[in-house]
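The primary structure of each chain is shown beneath.
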Number of protein chains: 2
Amino acid sequence: MPPASRPEDGHLDLVLSRIVAVPPELVWKAWTDPAILPKWFAPRPWTTAACEIDLRPGGVFRAVMKSPEGEEFGREGPGGCILEVVEHERLVFTDALGPGFRPAETPFFTVVLTLEAVEGGTRYTARVLHRNEADRQKHEAMGFTAGWSQCLDQLVEVVTAED
Amino acid sequence: MPPASRPEDGHLDLVLSRIVAVPPELVWKAWTDPAILPKWFAPRPWTTAACEIDLRPGGVFRAVMKSPEGEEFGREGPGGCILEVVEHERLVFTDALGPGFRPAETPFFTVVLTLEAVEGGTRYTARVLHRNEADRQKHEAMGFTAGWSQCLDQLVEVVTAED
């Protein structure tokens, strides 16, 4: 398994790591099933208006977020690119490439999601890689920690209700 | 196998496709063995001063090119990232990501190399994907077609001598 990044670049990452009380298989399904992802992916009252996932390296990953005022983000353009798929364990995707690995116009991050079965559920770790300090700070100021944590709560709520 | 790109983006690509009189296994070795790649990778009188290849998705791909005047390109920075490895058939790497899939500061291209065994040798196809028309034109003006064709001649010469 490749490292998430070179150790010396760790200061460019943002990380959310928590244990959640659902098994890795359900967390995986919530992230990879385009019928389920829209139910939890955007921090409410935002919503996910559309979702497209082609679950293989080079496949598209797109989630269109919609503000409470109805403005959409991510509808235009080719969408992001899936890089690595290890079922129930590891999902990597980026907006620095589009589907088919074509370089993107406005690269911002790569997401490395790892799931580990632990006593009581899943060790959930989302590591977000940026190209530089400015992008990392921008993402932090956008509310990364609170936003991703809220969405993880929503994910748990959704998969518990579905189960 | 993922498509090289969406069909509607084909005008953003540069392609070199030729049949060469060596088998796919030797072409593959020339591209993936860091002891052999420097012997052919730069169009002479340029040379390749250093090479680093970690042959797996997320691994580094770096080739430091050196001008006849001694100026080096690609020594600094993290290097590029390997995206897909299908032995003897398909190699994909990009400079839009660094090793570990971290977004790069200055993305320019993704290379999709495909090798097909044919009568008399190998159908060699190098497809280079750009993010926009300006980058494609810039790469074309840098001499893509003549440069990549010359390097392919050098590759054939080197692997024929090694064999």
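The rules behind each value
Throughout this description, residue numbers start from 1 for each chain and increase along the sequence as written. By the order in which they are written, chains take letters starting at A while ligands take numbers starting at 1. At least 70 in pLDDT is required for a residue's local features to be given in this predicted model, at least 80 for side-chain atom pairs to be given and counted, and no such filter applies to totals for whole chains, interfaces and linings, which use all residues. As a rule here, side-chain values cover all heavy atoms of the structure and leave hydrogens and water aside. Confidence of the predictor at the level of single residues is given by pLDDT, which spans 0 to 100. Basic side-chain nitrogens of Lys or Arg form a salt bridge, by our definition, when they fall within 4 Å of a carboxyl oxygen of Asp or Glu. Helix and strand assignments come from DSSP, with helices taken as H or I runs of at least 4 residues and strands as E runs of at least 2, each series counted from the N terminus. Partly exposed describes any residue whose relative accessible area lies between the buried limit of under 20% and the exposed limit of over 50%, with all areas from a 1.4 Å probe on protein chains only and scaled to the type maximum. Arc definition: it is the arc formed by the directions from the helix axis to the C-beta atoms. In protein, a polar contact requires one atom able to donate a hydrogen and another able to accept it; more generally it is a pair of N or O atoms within 3.5 Å, and residues adjacent in sequence count only if both atoms are side-chain atoms. Working rule for contacts: check all heavy atoms of both residues, and any pair within 4.5 Å makes them a contact. Two parts placed together each lose some accessible area under a 1.4 Å probe, and the buried area is that loss summed for both. Two rings from Phe, Tyr or Trp (for Trp, the six-membered ring) form a pair when their centres are within 6.5 Å of each other. A pair whose planes differ by under 30 degrees is stacked, one over 60 is edge-to-face, and the rest are tilted.

Student: Quick rundown of the confidence of the model for chain A? Include the residues and the values.
Tutor: For chain A, the mean per-residue pLDDT works out to 94, and 94% of the residues sit at or above 70. For this predicted complex, the interface confidence score (ipTM) comes to 0.92, while the overall pTM stands at 0.93.

Student: An account of the pattern of salt bridges is needed here, citing residue identities and associated values.
Tutor: Residue and element names in this part refer to chain A. Going through the model one piece at a time under the given rule, you end up with 24 salt bridges over all chains. The salt bridge involving Asp33 is made with Lys29; its shortest N-O contact spans 3.5 Å. For the salt bridge of Arg62 with Glu52, the shortest nitrogen-to-oxygen distance reads 3.1 Å. Taken as a pair, Arg62 in strand E3 (residues 60–66) and Glu52 in strand E2 (residues 47–53) lie far apart in primary sequence, 10 residues in all. Residue Glu52 is classed as partly exposed on the basis of its relative accessible area, which comes to 38%.

Student: How would you summarise helix H2 (residues 133–141) of chain B if you had to cite specific residues and measurements?
Tutor: Residues and elements named next belong to chain B. All of the buried residues in H2 are Asp135, Arg136 and His139. When H2 is viewed along its axis, its buried side chains cluster within an angular range of 100 degrees and face the same direction. The exposed set on the far side of H2, more than 90 degrees from its buried face, consists of Ala134 and Ala141. Where H2 begins, the side chain of Asn132 points an oxygen toward the backbone nitrogen of Ala134, at a separation of 3.4 Å. Of the residues one or two after H2, Gly143 is the one with positive phi, at around 95 degrees.

Student: Break down the interface of chain B and chain A for me, with residues and values.
Tutor: Contacts between the two partners involve 36 residues from chain B and, on the opposite side, 36 residues from chain A. Of the roughly 2500 Å² buried between chain B and chain A on both sides combined, carbon and sulfur atoms contribute 57%. It is Phe101, Arg102 and Pro103 of chain B that lose the most area in chain B upon contact with chain A, and together they represent 28% of the buried surface on that side. Our count for the chain B to chain A interface comes out at two salt bridges.

Student: Help me get a handle on the side chain of Asn132 of chain A, residues and values and all.
Tutor: Examined against the element boundaries, Asn132 of chain A turns out to sit in the loop between strand E8 (121–129) and helix H2 (133–141). When its relative accessible area of 19% is taken as the criterion, Asn132 of chain A is described as buried. Not counting residues up to four positions away in its chain, the partners in contact with Asn132 of chain A are Leu12 of chain A together with Glu105 of chain B.

Student: How would you explain the packing of aromatic side chains if you had to name every residue and give the values?
Tutor: Tallied over the full model, the rule gives 22 aromatic pairs over all chains. Summarising the aromatic geometry, the rings of Phe61 of chain A and Phe93 of chain A are spaced 4.1 Å apart at their centres and angled 20 degrees between planes, so their arrangement reads as stacked. Of this pair, Phe61 of chain A sits in strand E3 while Phe93 of chain A sits in strand E6 (residues 90–94), placing them 32 residues apart in sequence. With respect to class, Phe61 of chain A is no different from Phe93 of chain A; both count as buried. Pairing Trp31 of chain B with Phe93 of chain B gives two aromatic rings, centres 5.9 Å apart and planes at 45 degrees, and the pair type is tilted.

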